[in-house]
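The chain contents come next:
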Amino acid sequence: MATRLDCVVIDTPDPAGLARWWARALGWTPMLVEDADWPEDVSVVPPDGKPGIELVFVPVTDPKQAKNRIHLDLAARTAQEQADIVERLERLGARRVDIGQGEVPWTVLADPEGNELCVLDPRDRYRQTGSVGAVVVDAIEPVSLSRFWAAATGWTITDSGPNGAALHPTAEPGGSADAVGPYLEFVPSDEPHRVKNRWHLDVRPLPGADQAAEVERLLDLGARRAEVGQAGAPPEQVTWTVLADPEGNEFCVLCTIG
């Protein structure tokens, strides 16, 4: 059995407001998370039949402390579309930021709460991904970390080398090359994990699988248990298990559906 990548979770003091911003940025749909343990959670999902990955915005009071270790790369089919996306996001309240990228063909922006994102130059590999070309993770050892996440997501490693590594969901059972969603990419970084990630990934066991068994499987692969404040919640509300990957990035193993 295995887990599958379920969603990207974003900490924010204003889940509804930031979800509306990202819905407009991506052309997706915001909605309340119907089965959420916390009623303030808001989800943003791609339109029916379109590729993408669910974004879930959850309430926190902690301020952003550092550059996010996880961010989204937005795809563009032409140079003009790239420029149009940048202009549109700036009108919505995004701003250009310098994170040390130097002269690059993509544009680095930050959303209204300071969360970094990139608007990519046209690249063939992202033509079938929809608005989000990739979910990008900073890593000290990208290749090694990609192996862990291949086991956690069930996705296939498509690229692996000195410039990073990438996973792709095409090889999933029932996967379609026409709607494959974003890549999961690991890029080199000299900065280790120091504070709780403001963006994190959640995985979920396949229907009928045992959540506890999947937690143990991921622990055997190098994860560890993590405390991010869930111990203070009523036990009946905590249906997920919080772990950290081998580089300390927090993630949740959600309860099984079906």
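Residues numbered from 1 in each chain as written. Predicted model: local features only at pLDDT ≥ 70, side-chain atom pairs only at ≥ 80, totals over all residues. Heavy atoms only, no water.

## A word on the environment of Trp21
Mapped onto the secondary structure, Trp21 falls in helix H1 (residues 15–26). Sequence separation between Trp21 and Leu92 is 71 residues; the distance between their C-alpha atoms is 7.5 Å. If near-sequence neighbours (up to four positions away) are discounted, Trp21 is found in contact with Leu89, Leu92, Gly93, Ala94, Asp111, Pro112 and Leu117. Of note is the side chain of Trp21, whose polar atom sits 2.9 Å from the backbone oxygen of Leu92. (Helix = DSSP H or I, 4+ residues; strand = E, 2+ residues; numbered from the N terminus. Contact = heavy atoms within 4.5 Å. Polar contact = N/O pair within 3.5 Å; in protein donor to acceptor, adjacent residues only side chain to side chain.)

## Let's talk about the pattern of salt bridges
Inspection of every chain in the model, using the stated rule, returns 14 salt bridges. The partner of Glu216 in a salt bridge is Arg225, with the nearest N and O atoms 3.2 Å apart. Connected through salt bridges with shared partners, the residues Arg125, Asp159 and Glu185 form a single ionic network. (Salt bridge = Lys/Arg side-chain N within 4 Å of Asp/Glu carboxyl O.)

## A short note on helix H3 (residues 142–153)
Compared with the 16 Å implied by 1.5 Å per residue over 12 residues, the 16 Å span of H3 between its first and last C-alpha is a close match. Along H3, the residues classified as buried are Pro142, Leu145, Ser146, Phe148, Trp149, Ala150, Ala152 and Thr153. A positive backbone phi angle near 80 degrees is found at Gly154, which sits one or two residues after H3. (Expected span 1.5 Å × (residues − 1). Buried < 20%, exposed > 50% of the residue type's maximum accessible area, 1.4 Å probe, protein only.)

## Regarding the packing of aromatic side chains
Scanning the model with the defined rule gives 6 aromatic pairs in all. Ring plane angle 65 degrees and centroid distance 6.0 Å describe the contact between Phe148 and Phe251, whose orientation is recorded as edge-to-face. Taken together, the residues span a long stretch of sequence, with Phe148 in helix H3 and Phe251 in strand S16 (residues 250–253) at a distance of 103 residues. With respect to burial, Phe148 and Phe251 carry one shared label: buried. In this structure, Arg125 is placed above the aromatic ring of Tyr183, and the distance from its NZ or CZ to the ring centre is 4.2 Å. (Phe/Tyr/Trp six-rings, centres within 6.5 Å; stacked < 30°, edge-to-face > 60°. Lys NZ or Arg CZ within 6 Å of the ring centre and 35° of its normal.)

## Some words on the confidence of the model for the chain
Per-residue pLDDT for the chain has a mean of 90; in total, 88% of the residues score no lower than 70. Here residues 171–179 scores under 50 on pLDDT; set against residues more than four positions off or in separate chains, the count is 11 contacts. (pLDDT = per-residue confidence, 0-100.)

## Some points on the environment of Asp138
Here Asp138 shows up in strand S9 (residues 132–139). Asp138 gets classed as buried once you look at its relative accessible area, which sits at 8%. Separated by 69 residues in sequence, Asp138 and Arg69 have C-alpha atoms that sit 5.1 Å apart. Discounting residues that sit within four places of it in the chain, Asp138 has contacts with Lys67, Asn68, Arg69, Val187, Ser189 and Glu247. A polar contact of 2.6 Å, which involves the side chain of Asp138, links it to the side chain of Lys67.

## Points about helix H4 (residues 211–220)
Note on helix geometry: an α-helix contains 3.6 residues per turn, so any two residues three or four positions apart are oriented the same way. Residues of H4 that are buried: Gln211, Glu214, Val215 and Leu218. Buried positions in H4, seen along its axis, are confined to an arc of 105 degrees and lie on one side of it. Seen from the open side of H4, the exposed residues pointing more than 90 degrees away from its buried face are Ala212 and Asp220. The inward-facing, buried residues of H4 contact strand S1 (3–12), H3, strand S13 (199–205), strand S14 (224–225), strand S15 (241–244) and S16. The N-capping residue of H4, defined by a side-chain oxygen 3.1 Å from the backbone nitrogen of Ala212, is Asp210. Phi for Gly222, located one or two positions after H4, is positive at around 120 degrees. (Arc of directions from axis to C-beta.)

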